[in-house]
Each structure stands twice: as C-alpha cells, then as structure tokens.
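The lines below spell out each chain.
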Amino acid sequence: MPIGTMRAAQIDRSGGPEVLQIRDVPVPTPARGQVLVKVYAAGVNPIDTQLRRLRLGSFPRGTGVDYAGEVVALGPGVDGLEPGQRVWGFLGIRMRRTGAVAEYLVAKPEQMAAAPTTIDFVSAAALPAVGLTALQVLRDGLRLQSGQRLLVVGASGGVGSTAVQLGKAMGASVTAVASARNADFCRELGADQVLDYDSIKPGALTGEFDALVDCHGGSARQYHRMVRRGGRAVTMTVKGLPFALLSVLLPGPRMRFMSEKMRRDDMETLAGYVDRGELRPVVEQIYPLSAVQDAHRAVETGHARGKRVVDPTQ
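Residues take numbers from 1 onward in each chain, read along the sequence in its written order. Where totals are concerned, whole chains, interfaces and linings use all residues; where local detail is concerned, this predicted model gives features only for residues with pLDDT of at least 70, and gives and counts side-chain atom pairs only at 80 or more. The basis for every side-chain value is the complete set of heavy atoms in the structure, and neither hydrogens nor water enter the calculation.

(A) Quick look at helix 3 (residues 128-141). With 14 residues, helix 3 ought to run about 20 Å at 1.5 Å a step, and its terminal C-alpha atoms sit 18 Å apart, in line with that. Arg 143, located one to two residues past helix 3, shows a positive phi value of around 50 degrees. Helix numbering and strand numbering both begin at the N terminus, where a helix is a DSSP run of H or I of at least 4 residues and a strand a DSSP run of E of at least 2. One fewer than the residue count of a helix, multiplied by 1.5 Å, yields its expected span.

(B) The arrangement of the sheet that holds strand 2 (residues 20-26) in detail. With antiparallel pairing, the three strands of this open sheet are ordered in space as 2-1-4. Edge positions in the open sheet fall to strand 2 and strand 4 (61-62), since each of these has one partner strand only. Of the strands in this sheet, strand 1 (5-11) and strand 2 are in contact with helix 9 (residues 292-300), which crosses strand 2 at around 135 degrees. Strands were regarded as paired on the criterion that DSSP finds at least two bridges between them. Residue contacts are defined here by distance: any two heavy atoms, one from each residue, within 4.5 Å place the two residues in contact. Whenever a helix is involved, its axis is fitted only over the stretch in contact; in every case the axis is a line through C-alpha atoms, and angles between N-to-C directions fall within 0 to 180 degrees.

(C) Representation of helix 1 (residues 46-53). Among the residues of helix 1, Asp 48, Thr 49, Leu 51 and Arg 52 are the ones counted as buried. Buried positions in helix 1, seen along its axis, are confined to an arc of 165 degrees and lie on one side of it. On its buried face, helix 1 sits against strand 1, strand 2, strand 3 (35-44), strand 4 and helix 9. Burial classes: relative accessible area under 20% of the type maximum marks a residue as buried, over 50% as exposed, and values in between as partly exposed (1.4 Å probe, protein chains only). Directions are taken from the helix axis to each C-beta atom, and the arc is the one they span.

(D) Representation of the nonpolar core within the structure. By size, the foremost hydrophobic cluster in this structure holds 54 residues, and its most contacted members are Trp 88 and Leu 150. The biggest single contributor to this core is helix 3, with seven residues. By size, the runner-up hydrophobic cluster in this structure holds 28 residues, among which are Val 39, Tyr 67, Ala 100 and Tyr 287. Residue types Ala, Val, Leu, Ile, Met, Phe, Trp, Tyr and Cys, when buried and joined through side-chain atoms within 4.5 Å, form a set referred to as a nonpolar core.

(E) Fine view of the packing of helix 3 against helix 4 (residues 158-169). Closest axis-to-axis distance for the helix 3/helix 4 pair is 8 Å, and the angle between their directions is 50 degrees. Comparing their axes, helix 4 and helix 3 come out oblique. As for the relative orientation of helix 3 and helix 4, their crossing is right-handed in sense. The residues of helix 4 that touch helix 3, namely those facing Val 130, Gly 131, Thr 133, Ala 134, Leu 135 and Leu 138, are Gly 158, Val 159, Thr 162, Ala 163, Leu 166 and Gly 167. Gly falls in the polar group here, along with every residue not listed as nonpolar (Ala, Val, Leu, Ile, Met, Phe, Trp, Tyr, Cys, Pro) or charged (Asp, Glu, Lys, Arg). Of the residues that constitute the contact of helix 3 with helix 4, the class distribution is seven nonpolar, five polar and no charged. Roughly parallel covers angles under 35 degrees, roughly antiparallel covers those over 145, roughly perpendicular covers 65 to 115, and oblique covers all other angles. With the far helix as reference, a near helix turned anticlockwise by less than a right angle produces a left-handed crossing, and one turned clockwise produces a right-handed crossing.

(F) Up close: the sheet that holds strand 10 (residues 173-178). In space, the six strands of this open sheet follow the order 11-10-9-12-13-14, with parallel pairing throughout. Strands with a single pairing partner mark the edges of an open sheet, and in this sheet they are strand 11 (193-196) and strand 14 (255-257). Strand-to-strand, the axes of this sheet are offset by a mean angle of 20 degrees, without reference to chain direction. Bridge analysis of strand 9 (residues 149-153) against strand 12 (residues 209-214) gives four bridges, and the strand direction is parallel.

Right, here's the structure in full:
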C-alpha cells in the first residue's frame, strides 16, 4: 500500500483556469468497496471547465472525470480486480477532494473496467467520457439502425469524432458537420460526407436524416429541421438544452438532452470496439500535470480535434 504524498490538481475557489493549482496531498487509502489506481493519463472535458466555475460544494476540490491507469490496491470487499491490472473509467461529476488529474485516485469497481489491450494509457484516457456519451446517445437515445442516415454536428470534437466512428461501426451512413480544416480528418474517421459549417445553410436539407447528434448546440434549431418526421435528435450541450425543452412544442421530432452515465458493461463494449479496430481515440495534445491550466484554456476555446489529455507522470 503506497504511503506518502502525491501531486494533484486542486482548486480553492471557483473561477477561470488560473484557480487550478498543483498540490502535494496525501495518497488516498481505499476504503471498503474502493480501488486505488495509479493514474497514467486523464482526459480534460468541457464538463471539467464547467465544474471548475461552479461555486457549489466545498473546497479544495479536484478536477478530472475520466482516466486510465493501473490498479495498485484493493479495499476490503472488492472482488474481480487485482493489483497490476490495466483499467480505465469515469468518475462522474460528483465533486471530490481529488479527481482524475492526480497521480493516484480511489474509485468504486463499478467506475472502472478492463482497459483495451491495443492502445496505450494516453489514448485510453481520451475515451471514457466521450465514448460513454456517444455510445449511449446512438444506441439508447437515437436507437440507430444499420442503413440509417446519421448527421453529426460538431464532428471533430471528442464526442463528435467518437460518434462518427461508432455510427459507421453500427452500419449507418454518416454526414459530419465540421470546419473546412477538419473535413479530411472527419473523412479519415469514416464520414461519408462532410459539410462545412461556415458555408452550409442549416435547414436546407429538410427531411434528409434519420438521426441527429448535436455536439455544438448553437444551431440546434436549424439542424433539427434536417431530421425527417419520425426521426430522432439528441443534444448533449448546455447551449442546446433550451431548444431541447422547446422542441416538445414544435412540429417534428422532439430533441432529447442526454448526458453520459457510467456503466461498466458499456466501458467493456467500448473496449471491444477499440480492440476490433472500429474505434480509435483521438488525442489532440498531451499536457504534463503542471500545464493543466493550459489544457483547460484550450478546451474552453471550443475548437478541438479529438481530446486533450493530461499525463500526471510528466
């Protein structure tokens, strides 16, 4: 059992990226039903920047909701895992003293699963939050079927790039909406068609699509018009939430709002997609722990090609 201190990103107050500090804190001890994990990489997600700005909860608190690492020790009552096992997982958005952006973390067994065997820790850490979101949206929210036409708005970001790949793996024809500079990238992921959001007129292709994944939110109403009657639409962005509520009163399919839920079997499903070569995590940039402020600033620009990842071992 490790005893001593570790480095972890913490905040003492809500605010901008500058409130993130690297601290020496005690290595956590796993209680009953908990697992101690050495973190080799942690994802940086929009939800991390949103939680950082919340004044709710107590301080200090950590940051980071998804990770990849290695089991170090098991608390009493934990079965099915063993020290040295490679795992990845999603902690959820509950605020805690230390999050995934730390050298170690404690989590429940149901918050992790065996990591894919064909990728490294950094690549693995890029996937849990966005992978759970994309999988659950496509399968449960949209009930996507082989042969259907899927529109992914914001296709170059973390959720979007994952949704494009999973949509293709599920047999759909995928149209991606992204910037012109990311068009080739989206095609490499498997998109059958790429629309430049600077030149497309949302709503011009009324009735064309069976399913819509809105990862942007800013033009949810316009893209909603591109879904046929009887189709389905989901947004997972705060900006898209007002229209999702309004869509109940409008003609056409209702737009649902969804967020990811940690399900161990879904993490195992994602690992299968990765190990079969049907899904590859996309990492835009790797940051050392000391540069976590820079990682948050980059995420807040809203421009992404995949995910930003923090490597606590650097």
